[in-house]
Every structure is written in structure tokens, then in C-alpha cells.
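The primary structure of each chain is shown beneath.
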Amino acid sequence: MKQINDFPRVQLGIFPTPLQKLENLSREFGKNIYLKRDDMSGVALGGNKVRKLEFLLAEAQKQGVDTVMTTGQAQSNHAMLTAACANKLGMHTILMLKKRGVTDPKGNQILNRILGAEIEFYDTDKYSDIYEEMARRTADLAQQGHKAYEIPVGGSTALGALGYVECFRETMEQCAALGIHPDRMVGVVGSGGTYAGLCAGADLFAPDVKVTGMAVDDDPFEQITAQLKLEIGSLLELDRPLGNENIEIYYNCGAGYGVPGPEDGAAVRYLAQQEGVVLDPVYTGKGFSLFLRMLREGAFAQDDTIIFLHSGGAGGLFAIDLP
Ligand SMILES: *Cc1c(COP(=O)(O)O)cnc(C)c1O
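Criteria and cut-off values
- Sequence order sets the numbering: in each chain, residues are counted from 1 along the sequence as written.
- Totals for whole chains, interfaces and linings use all residues, but because this is a predicted model, local features are given only for residues with pLDDT of at least 70 and pairs of side-chain atoms are given and counted only at 80 or more.
- Hydrogens and water are ignored here; the side-chain numbers use all heavy atoms of the structure.
- Paired rings are identified among Phe, Tyr and Trp, the last through its six-membered ring, by centres lying within 6.5 Å, and are further divided according to the angle between planes into stacked (under 30 degrees), edge-to-face (over 60) and tilted (the rest).
- The helix count covers DSSP runs of H or I at least four residues long, the strand count covers runs of E at least two residues long, and both are numbered beginning at the N terminus.
- Disulfide assignment relies on a single distance test, namely cysteine sulfur atoms paired within 2.5 Å.
- Categorising residues by exposure relies on relative accessible area from a 1.4 Å probe, with only protein chains included: less than 20% of the type maximum marks a residue as buried, more than 50% marks it as exposed, and the intermediate range marks it as partly exposed.
- Within this document, salt bridges are pairs made up of a side-chain nitrogen of Lys or Arg and a carboxyl oxygen of Asp or Glu, the two lying within 4 Å of each other.
- Pairing between two strands requires that DSSP report at least two bridges joining them.
- To obtain each axis, a line is fitted to C-alpha atoms, and for helices this fit is confined to the stretch in contact; angles are then taken between N-to-C directions over 0 to 180 degrees.
- Whether two residues are in contact is decided by their heavy atoms, any of which lying within 4.5 Å being enough.

Asks: How do you make sense of the packing of aromatic side chains when you look at a structure like this?
Replies: Describing an aromatic ring pair means giving the distance of the ring centres and the angle of the ring planes. For the structure on display, the rule yields seven aromatic pairs. Judged by centre distance (5.9 Å) and plane angle (70°), the ring pair of tyrosine 257 and tyrosine 283 falls under edge-to-face. One end of the pair, tyrosine 257, is in the loop between strand S9 (248-251) and helix H9 (262-275); the other, tyrosine 283, is in the loop between H9 and helix H10 (284-296), and 26 residues separate them in sequence. Consider the rings of phenylalanine 288 and phenylalanine 291, whose centres lie 6.0 Å apart with planes at 65°: the pair is edge-to-face.

Asks: I keep staring at the state of the cysteines and nothing clicks. Help me out?
Replies: Where two cysteines share a covalent bond between their sulfur atoms, that bond is called a disulfide. This structure, assessed with the given rule, holds zero disulfides. Cysteine 167 takes part in no disulfide bond, and the closest cysteine sulfur to it belongs to cysteine 175, at a distance of 11 Å. Unpaired in this structure, cysteine 199 has its nearest cysteine sulfur neighbour in cysteine 167, at a distance of 13 Å. Assessed through its relative accessible area of 0%, cysteine 199 is described here as buried.

Asks: Help me understand the pattern of salt bridges in this model?
Replies: Between side chains of opposite charge, pairing is possible as soon as their charged atoms come close. Counting across every chain of the model gives 16 salt bridges. Glutamate 173 serves as the salt-bridge partner of arginine 169, at 2.6 Å between the closest nitrogen and oxygen. Taken together, the residues span about one helical turn, with arginine 169 and glutamate 173 both in helix H6 (residues 158-178) at a distance of four residues. Judged by its relative accessible area of 52%, glutamate 173 falls in the exposed class. Bridged by salt links that share partners, the residues Lys36, Asp38, Arg51 and Glu170 form one connected network.

Asks: I'm lost on the sheet that holds strand S1 (residues 19-21) in this one. Help?
Replies: To summarise the sheet geometry, strands pair through backbone hydrogen bonds and adopt either a parallel or an antiparallel arrangement. If you walk across this open sheet you meet the six strands as S1-S2-S10-S7-S8-S9, and the pairing is mixed. With partners counted over all chains shown, the strands left at the sheet margins are S1 and S9, one partner each. Sheet twist, expressed as the average angle between the axes of neighbouring strands with direction ignored, equals 25°. Here strand S7 (residues 184-189) runs beside strand S8 (residues 210-215); their pairing, made up of six bridges, is parallel. Its bridge partner being in S8, valine 186 is matched across the sheet by threonine 212. This element, H6, spans S1, strand S2 (32-37), S7 and strand S10 (305-310) of the sheet and lies at about 130° to S2.

See the structure below:
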């Protein structure tokens, strides 16, 4: 087996991120509820994509790349963080975004402009259209003597997901230092890399920890996660493939990706008013909203120790209304 440390990695964020107990929530529900603060990952407004980009951009650096291209919807946190991280490495960023969501200079679009990214919108519903265009651009840039690196939506390749295998390991180390052992870790599923990485991390480092995914889009994430886990397993050259036994995903799509409902808004306000922690409208707000509903319905055992991953997304708060 290869170790995570065998892969090239460039230091972009500030790790480990804090592991913080939510005292008021824990008391209210008779559990030990912790937040893993990846919203404090230390680049721009923080968020989960930094861990993935530490592996992806290290690979880009190794290839001698001067331009990074990626995609997402208009308010993509991943796109914004790619621009921020690429800046640290002196690379130019081209964001080839879907013309979906809030394209005006609000939220992450303000940040993309501040960060100096080249921004293009494509009026398509299919990422495959954008990937074709990316390949064309890479070829054009090569003719002009540039070398480009293409990052798919969310940075959710097996290599990017290694960031969340490492996050799981880091979290278990923090738990050990606190003298606690989690029963469960809960994370949001958007393009799937974060959750697949956490599941793989649990397989490798603590198979008794359950890993729950809260999906905020309606893609078939059980299959996507299983496939990514296979790819993570081969990247790590494991003796046996990683199975799909620990995949457990619940869906909170509501009115659609990027559209929070009233229950989601209430959940964001609840956590802010109980604990002073602000979630986001697209990912963590919807994921936490479902987690909160499950807590209220008694889905978890008394005295369980549960860690919710705050994966960031602050930019969205300033672009998307929270009903
Ligand atoms: C991208 C994102 C997620 C989902 O992560 P994936 O690896 O794409 O599944 C969750 N929360 C926030 C804030 C994000 O930006």
C-alpha cells in the first residue's frame, strides 16, 4: 500500500482545522456533537476544496503547468478556491462556469473578480460540453507555449479525494488527543469526492466509525461514491478494493441544487443562534438541515459522539437568499 505522504502535495491551507464541540446542541440532543471546521481551512473564505487542491495542484506543479482550468455553477466555491490556491502558486486560472445560478457580481463572483480569475459562462446543462471546450482550450494554449491543467467539477477525482482520506485521519488523531471516539462522521455530498474520501478514510483508519453523506443534488451518489472508492483504492495500491459497505447517503435536494427551502433556512439560523457558527445556503445549510431533522426524529443513539464536517461555502451567503 502507498501512504498518503507518498503523493506530491503542496501546502496551501492551514491544517489541522479545529475540531470544536457544540455544547448547546450536545446538551439539547443528549449527544456529543462536534464540528470539524474545514470552513477555516485558511485560503480565501475557507472550505473543503483546499484539501483536494493541495494534491491536484501539486500534480499540476509537477507537470510544469502555468494555467489551471476548472468548472462549476456560477456560485461554485470550488472554482473560487481554485483561483485563490492557483494564485499562491503563480498559476493563471480560467473558470469555465455553467451559466446557472447567480452570475451577477455577488458572492463568489465578487471573489473570483478580486482574485483575478478569467471567467467565462457556458449556457449548457452538461459538464461534458464544458470538458470538450476545456480540451480545445488546452490544445490552443499549448500552441501558444502554455501548459494547462484541467480540474473536473468539484475537484472530485480520486487524487483530489485523497484530501478527505487525510481529513478523516487528521480528525481521528484529534479525537484520540481529546480521549473521544466518534460513532459517526457526517458530511455533505455535492460532487462526491469529499464523502468518498471520508468513507475510504474510515475503511483504512477506523472501520467502526459510520460515515453519513447528506446529498444536496439528485445524482446517483451511491454509485458515484462506490466508483470513486475503487479509484482511490487503486491509487493507493491496496491489496483489496475498497467496498461499498459503509456508504450511507440521505438526500435533501428540495427544490433543486442551490435552492434552499424554509426548513434549510431555519436550520442555518438555528445553528447560528445556538452556537455562533454560520453555515452556507447551498451545501452545509441543507446538509445540516437534514442532520437536524434526523436528530429531532431520534435517528441516532443516546450519547452518540457525532462529528459534522463544516465544509465552508461562506461566499454563497452573499448571493443566494435563505428563506
Ligand atoms: C463542494 C462543496 C461540498 C461538497 O463536496 P464534494 O466533494 O463536491 O461532494 C460541500 N460543502 C461545500 C461548502 C462545498 O463547496
